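Summary of the model geometry
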Amino acid sequence: MKYIFSIILTLLFHHSFAVLHPTKLTCEYRENPLGIDMAKPRFSWQFVLEGRSQNQSAYEIIVSDREDDRTGNQWNSGKIGSGQSLHIEYKGSSLKSFTKYFWRVRVYDVNDTASEWSDPATFETAMLSISDWTAKWIDDGRHQFERDEDFYKDDRMPLFKKSFVVKKTIQSARLYIAGLGYYEAYLNGKKIGDHVLDPGWTTYRKEVLYVAHDITHLLKNGDNVAGVMLGNGWYNPLPMRLFSRFNLRDAQETGRPCLKAEIRIQYEDGSIDSIVTDETWQTALGPVLRNNVYLGEHFDARLEQKDWLTATTGKAWKNAVLTKGPSGTLSVQMQPPIRITKVLKPISVKELKPGVFIADMGQNFAGAARIKVKGKAGTQIKLKYGENIHPDGSLNFLTSIAGQIKSMWKVDGGPGAPADAWQEDRYTLKGVGTEVWAPRFTFHGFRYVEITGWPGKPDLNSIEGLRMNTDLASTGDFTCSNEMFNQLHSVINWTFLSNVFSVQSDCPGREKFGYGADITATCNSFNYNFDMASFYRKAVSDFADEQQPDGGITETAPFVGIADRGYGGNSGPLGWQLAFPYLQKQLFTFYGDKKIIEDHFPAIKKQMEFLQANSVDGLFHWDISDHEALDPRPEAFSASAFYYHHALLAAEFATILDKREDKVAFTKLAEQIKELIVQKYLVPNTGRFDNATQSAQLFALWYDVSPEKELTFEILMNEFKRYQNHISSGIFGVMMMFDVLRQTNNNELAYTIANQRGYPGWGYMLSNGATTLWENWKGSDNVYSQNHPMFGSVDEWFYRSLLGINPAAPGFEKIVIKPQPAGDLTWAKGSYHSVRGKIGSDWKIENGKYTLRVSIPANTTSEVWIKCMENSLIMEKEKEVKPDAYENGYALIRVGSGEFVFEVKL
């Protein structure tokens, strides 16, 4: 008995001192997702960490269809000897549609000590098969306009409703809805959820997104009324010729606003009721007179259908009509929804002249205005939006005007289009009490709002700014002793959030398009600041959906008709096509997502076939190149460099997937391209590539094609001197510059360039009042956007160099912490919340001592590089630490997980 008791005590002792505990369980990147439609979802988790150098040696997963089941009646993985904690694929019984599953995990530490089972996490399936849908597409039966000019007239948006009775006790209820272009759904008079501008924009002929909502709490016993209001969104755009050329209706599948939805009620007795869209739904015209993503929304409150969300009958209602709907496959919307994420109060409301008021929101952003007003019925208020004001204080709308359609330039938007395609909302009062209104089906880029038609005078409480964006989880924070950098970091984040409306756009006013180059140049800055995993998976899918029959990738996704400097058909220039493979690479690097590469490798091969077939003498010779560079762009050289990059990525993907023949073929192709680039663009024995501008030299160094690296770098240094250590490169060169200077241990120069206060540079933007980044270095009051992400790649440098946080293996399984103190910085601190947990870096120089605090998540290892002289005394918790190596003024110390504080005298 004593022996048995001793064993029990030993087991209890080891059990109670388990140092790894699973937490933050996710399924397909989401915690407790309400609707998924994949047959084999993937599970991930992080850890609550106790102690140091803790790694997972094994795990167990159980999946059940009952919360009280602890056996894993759907899947019991058994103990798996593996350190893997990301993207573990479900391998149990076939999942069923419309089913909630519960899953738990327990892990084993390096001593094989098991943790407690985690609290249960859940995932719920939606339609796993297209045949699960029983709803039909419906609309209000009105025909599409035939003449372009008619699209610009009033076109009242449809309302739909359905009355139904609930007689049993409800266990759960869900709404699955695809309302195109945009929808708002209601139940018993209350809006369902807090999403806006749902669903996300896709290539509707290929894919249509639907959204799952939990509506259990909104249902009641007895009579219920479901209602839906539709808007045009991107599905029914105007035939407006952006830049006088590009008509979205020619590039995308379009149609009248339409609806497909199912309400599925599960009762406690096990029975199911389904309320689905069909011709028994009722429809009527609503109060939205016009709505467009560019020109804005007109709303007449006098036309509101009184009690339409609660009444079961009404005179103006008729039966809905079955319609074909879009051609694309219905898929669950997995990226985060667009929400109102911040409400801004104006800093001033000034009367410019009688009846004309200018509200200054104090910040450029994307979204809309919300007004509170009292007045007579029929009073019409106009809200016109702009990023700037003229010297006389009047609104300047020219930098955000749609597609540069301007009378001053004689840029014609086509029949019926306005002479100046500014952003404007209109609200007509119903004259009942205080009326509160904001547009539902549009969004704008603006700081200033011109208000006309207001009854009386608006004040600071009369208008608010509703910041809207895809509600991305924040993953990064950064601050340092340089206040300009802190301000710039904030400005970049405002810019980024202004340009994520289900696609990553170039600007939120003039175009709103998903350009490949803008994504490529800034995706890592986005990745450090926000959880982009699901958002970028959608972006990859968008490009795949637009892949041309010959394999070419379009300049934008969804495709909008623009194919500047492309290679035939609708293919884009190579720097813009690069987004398709480059995003996959970054999803693998940041999130350890191998499946994205597996899923799209056939498309990558098809793209490479297209590129090889269209190369001339083994290279490419035209491209948009380093957009917005100040010097002449090295167009042909950059095109060939992008071709080389495509081949490198294809070879890397083949290696990751263990496709040996493809690896050999693409590796050989890359070597051939590199050799041809050197032959054609290097001036022998000088280090000069092409026109030897900052852009050209940076391309050569970033792509590592120069056999004369020292000379090539020397030419680059001379180019910086020519600009007095200011930047002169463009969209790609900026990103490349910070990488090149970081990797060559030249962060002093990087700091000097980033810290410049004069033109050209970020400090120049800030000193001239920028609250979001400009589209070009000089700025503009009549052409270029003032809310453009592409020069935000400097934010990646804040994380990679100033904080020194870098991945050394996919998904940050291995981490490099290497802060590079520079300039007059005395401290920098911040963190990146990776898929494996929080990585922290906090350093300061004080009283002749350098202190570095680092935080390394469990189940990872790290190289910590400390800036110091060789053989300096390095202390950690009052103990001397012997470095593993010294290199270029840094000491290397290898550590496992945990919190560490290193100190060294300077």
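Our subject is the structure listed above.
Rules behind the numbers
Residues numbered from 1 in each chain as written. Predicted model: local features only at pLDDT ≥ 70, side-chain atom pairs only at ≥ 80, totals over all residues. Heavy atoms only, no water. Helix = DSSP H or I, 4+ residues; strand = E, 2+ residues; numbered from the N terminus. Buried < 20%, exposed > 50% of the residue type's maximum accessible area, 1.4 Å probe, protein only. Contact = heavy atoms within 4.5 Å. Pairing = 2+ DSSP bridges. Axes fitted to C-alpha atoms, helices over the stretch in contact; angles between N-to-C directions. Phe/Tyr/Trp six-rings, centres within 6.5 Å; stacked < 30°, edge-to-face > 60°. Parallel < 35°, antiparallel > 145°, perpendicular 65-115°, else oblique. Left-handed = near helix turned anticlockwise from the far one by under 90°. Disulfide = S-S within 2.5 Å. Polar contact = N/O pair within 3.5 Å; in protein donor to acceptor, adjacent residues only side chain to side chain.

Concerning unusual backbone geometry
With an omega dihedral of -5°, the bond running from Ala557 to Pro558 counts as a cis peptide bond. Summarising the element assignment, Pro558 is placed in the loop between helix H5 (533-545) and helix H6 (574-577). Of the consecutive residues Tyr759 and Pro760, the connecting peptide bond is found in the cis state with omega at -10°. Here Pro760 lies in the loop between helix H14 (747-754) and helix H15 (762-767). Despite not being glycine, Ser502 has its phi angle at roughly 75°, a positive value. Although it is not a glycine, Asn745 adopts a positive phi angle of roughly 60°. Judged by its relative accessible area of 30%, Asn745 falls in the partly exposed class.

Topic: the environment of Cys258
Examined against the element boundaries, Cys258 turns out to sit in strand E17 (residues 258-267). With 77 residues separating them in the primary sequence, Cys258 and Gly181 have C-alpha atoms 7.6 Å apart. Excluding residues within four positions of it along the chain, Cys258 makes contact with Trp137, Ile138, Asp139, Ala178, Gly179, Leu180, Leu230, Tyr235, Thr323, Gly325 and Pro326.

Remarks on the sheet that holds strand E4 (residues 75-76)
Spatially, four strands are ordered E4-E3-E6-E7 in an open sheet, and the strand pairing comes out antiparallel. Of all strands in the sheet, those bounded by a partner on one side alone are E4 and strand E7 (121-124). When strand E3 (residues 58-64) meets E4, the two strands line up antiparallel, connected through two bridges. By the bridge assignment, Ile62 is partnered in E4 with Asn76.

What to know about the sheet that holds strand E38 (residues 805-807)
Strand order in the open sheet formed by five strands is E38-E39-E43-E47-E46, with mixed pairing between adjacent strands. The sheet terminates laterally at E38 and strand E46 (885-887), the two strands that pair on one side only. Sheet twist, expressed as the mean angle between neighbouring strand axes with direction ignored, is 25°. Where E46 meets strand E47 (residues 890-895), three bridges bridge the pair, whose relative direction is antiparallel. Note that in E47 the partner of Ala885 across the bridge is Leu892.

A closer look at the packing of aromatic side chains
On inspection of all chains with the given rule, the structure shows 63 aromatic pairs. Here Phe812 and Tyr832 contribute two aromatic rings whose centre-to-centre distance is 5.1 Å and whose plane-to-plane angle is 45°, an arrangement assigned as tilted. Taken as a pair, Phe812 in the loop between E38 and strand E39 (814-817) and Tyr832 in strand E40 (residues 827-834) lie far apart in primary sequence, 20 residues in all. Relative accessible area serves as the criterion here: at 0%, Phe812 is assigned to the buried category. For Tyr832, a relative accessible area of 1% translates into the label buried.

A look at the packing of H5 against helix H7 (residues 579-591)
Their axes nearest at 9 Å, the elements H5 and H7 cross at an angle of 155°. Of the possible angle classes, the one that applies to H5 and H7 is roughly antiparallel. Between H5 and H7 the crossing geometry is left-handed. Only Ala579, Phe580, Leu583, Gln584, Leu587 and Tyr591 of H7 make contact with H5, whose side of the interface consists of Ala533, Tyr536, Arg537, Ala539, Val540, Phe543 and Ala544.

A look at the state of the cysteines
By the definition in use, this model includes zero disulfides. Of all cysteine sulfurs, the one in Cys507 lies closest to Cys523, which takes part in no disulfide; the gap is 19 Å. Classification of Cys523 as buried rests on a relative accessible area of 0%.

Some remarks on the pairing of strand E31 (residues 423-428)
The element E31 is extensively covered by neighbouring structure, given that five of its six residues are classed as buried. Note: strand E21 (residues 296-300) against E31, three bridges, orientation parallel. What sits directly across from Phe299, in E31, is Tyr427. Where strand E28 (residues 380-386) and E31 come together, six bridges link them in antiparallel fashion. Across the sheet, residue Lys382 finds its bridge partner in E31, namely Arg426.

As for the side chain of Gln756
By the element assignment, Gln756 lies in the loop between H14 and H15. In this structure the side chain of Gln756 is engaged in a polar contact, spanning 3.3 Å, whose partner is the backbone oxygen of Gln724. For Gln756, the side chain forms a polar contact with the main-chain oxygen of Asn725, separated by 2.9 Å. Each residue touching Gln756, except ones within four places of it in the same chain, is listed here: Met484, Gln724, Asn725, His726, Gly763 and Tyr764.

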